Amino acid sequence: MARILLVVQDKGGVGKSIVARALAEAVPEAPLIEVDASKRLIELEDRVQFFPMRAERAAIERTGGRAARAEFDPVITAMTAASLPTIADVGANTSASLLTLLADLAPDLSDAGIAVGVLVVVTAEPGALAEAPRLLKLAQPFAAARFLVENRLRGEVDAKTLAKIGAGATATALAEQVMEDKAVEILQAGGLASIPQLDAAKLNERHGLALGSRIRRDLTRFRAEAMAAVKPAAEWLVG
């Protein structure tokens, strides 16, 4: 049975694509499906099938998701064609509509030999906190596994709140990252996939040994911590 792991959150700016990239590093043989308004996982090149979403949030909500259904058809086709563990990065304003559709299609997906897992990313930002329990609830009837990654880029979520949100889901956390500005630039330009390819000698030549070393340590640490945060989901995906 092929396994598909959806990385979801309807609130933007929560670090969802970083989580998808960490999964791509943890499961290097996994292809990716990207559903968004524009391409973000550019550095992963041929591993990614991109499906543009053009329906606006207001139209989706006004029609109960019907405005997005036709756009999801190729996504569903790609999911049912999967023969390898597959990661799907679902863009903001799209997750709830897709999960609602997948709930309707659950028996057909099961008959097609597809198991769907759902990973919700949450931060301390109110919008993300509001969306996370809704998405986990939508996924509950059909998801073979549910995961919650708390990205602490805006501080920690209160423990009781997090426990209530993630009831029944496997929860992990990604600590807030403090990195050199140059490290952030490298991360934004090349993603996590570029970090193992860093040339220490060139970094030191360009920035000096002290700063070059800090850049390399910052990025190496961040990649390792991001991969640790998604480890339970990655293990399910390949299991």
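The model shown is predicted, which means the values in this text are computed figures rather than measured ones.

Q: Just to check I follow, could you spell out the overall build of the chain for this structure?
A: Along the chain, the regular secondary structure elements total 10 helices and seven strands. Relative to the globule expectation of 18 Å for 239 residues, the C-alpha radius of gyration of the chain, 18 Å, shows essentially globular dimensions. Seen through its C-alpha atoms, the chain measures out along the principal axes to roughly 55 × 40 × 35 Å. Of all 239 residues assigned to the chain, the portion counted as buried reaches 46%. Relative to all contacts within the chain whose residues are 6 or more apart in sequence, the contacts with residues 24 or more apart total 72%.

Q: It is not clear to me how the sheet that holds strand β6 (residues 145–151) should be interpreted in this structure. Could you clarify?
A: Two pairing modes exist for strands in a sheet, parallel and antiparallel, and in both the strands are linked by backbone hydrogen bonds. What the seven strands build is an open sheet, ordered β3-β2-β4-β1-β5-β6-β7; its pairing is parallel. Because the sheet does not close on itself, it has two edges, and the strands there are β3 (48–52) and β7 (170–174). Along the sheet, successive strands turn relative to each other by an average axial angle of 20 degrees, direction set aside. Bridge analysis of strand β1 (residues 2–8) against strand β5 (residues 114–122) gives seven bridges, and the strand direction is parallel. Residue pairing for β5: L5 is matched across the bridge by G117. Where helix α1 (residues 16–26) meets the sheet, its contacts fall on β1, β2 (32–36), β4 (86–90), β5 and β6, and the angle it forms with β4 comes to roughly 170 degrees.

Q: Got a minute to help me understand unusual backbone geometry in this structure?
A: A positive phi is found at E45, a non-glycine position, where the angle reads about 50 degrees. Inspection of the secondary structure puts E45 in the loop between β2 and β3. Even without glycine at this site, N93 takes up a positive phi of about 70 degrees. Tracing the chain through its elements places N93 in the loop between β4 and α4 (95–111).

Q: What's the story with the pattern of salt bridges in this structure? I'm lost.
A: Close approach of charged atoms lets side chains of opposite charge pair. Inspection of the entire model under this criterion finds 11 salt bridges. Across the salt bridge formed by E25 and R223, the nearest N and O atoms sit 2.9 Å from each other. Of this pair, E25 sits in helix α1 while R223 sits in helix α9 (residues 209–229), and the two are 198 residues apart along the sequence. When its relative accessible area of 14% is taken as the criterion, E25 is described as buried. Among the salt bridges present, the one from E180 reaches R214, with a minimum N-O distance of 2.7 Å. Of this pair, E180 sits in the loop between β7 and α7 (181–190) while R214 sits in helix α9, and the two are 34 residues apart along the sequence. Using a relative accessible area of 26% as the deciding quantity, one classes E180 as partly exposed. Via salt bridges that share partners, D10, E131 and R134 belong to a single interconnected network.

Q: Help me understand the nonpolar core, please; the structure alone is not making it clear to me.
A: In globular proteins that are soluble, nonpolar side chains generally tend to be buried together. Ranked by size, the top nonpolar core spans 40 residues in total, and within it L5, V7, V19, L23, I87, L119 and L187 carry the most contacts. Where this core is concerned, the elements lending two or more residues are β1, α1, β5, β6, α7, α9 and α10 (231–238). Among residues more than four places away in sequence, those in contact with L5 are L23, T86, I87, A88, G117, V118, L119, F147, A233, W236 and L237. Formed by 38 residues, the second largest nonpolar core is a distinct cluster that contains L6, F72, L99 and A143.

Definitions and limits used
- Residues numbered from 1 in each chain as written.
- Predicted model: local features only at pLDDT ≥ 70, side-chain atom pairs only at ≥ 80, totals over all residues.
- Heavy atoms only, no water.
- Helix = DSSP H or I, 4+ residues; strand = E, 2+ residues; numbered from the N terminus.
- Rg over C-alpha atoms; globule rule 2.2 N^0.38 Å.
- Buried < 20%, exposed > 50% of the residue type's maximum accessible area, 1.4 Å probe, protein only.
- Contact = heavy atoms within 4.5 Å.
- Pairing = 2+ DSSP bridges.
- Axes fitted to C-alpha atoms, helices over the stretch in contact; angles between N-to-C directions.
- Salt bridge = Lys/Arg side-chain N within 4 Å of Asp/Glu carboxyl O.
- Core = buried A, V, L, I, M, F, W, Y, C linked by side-chain atoms within 4.5 Å.

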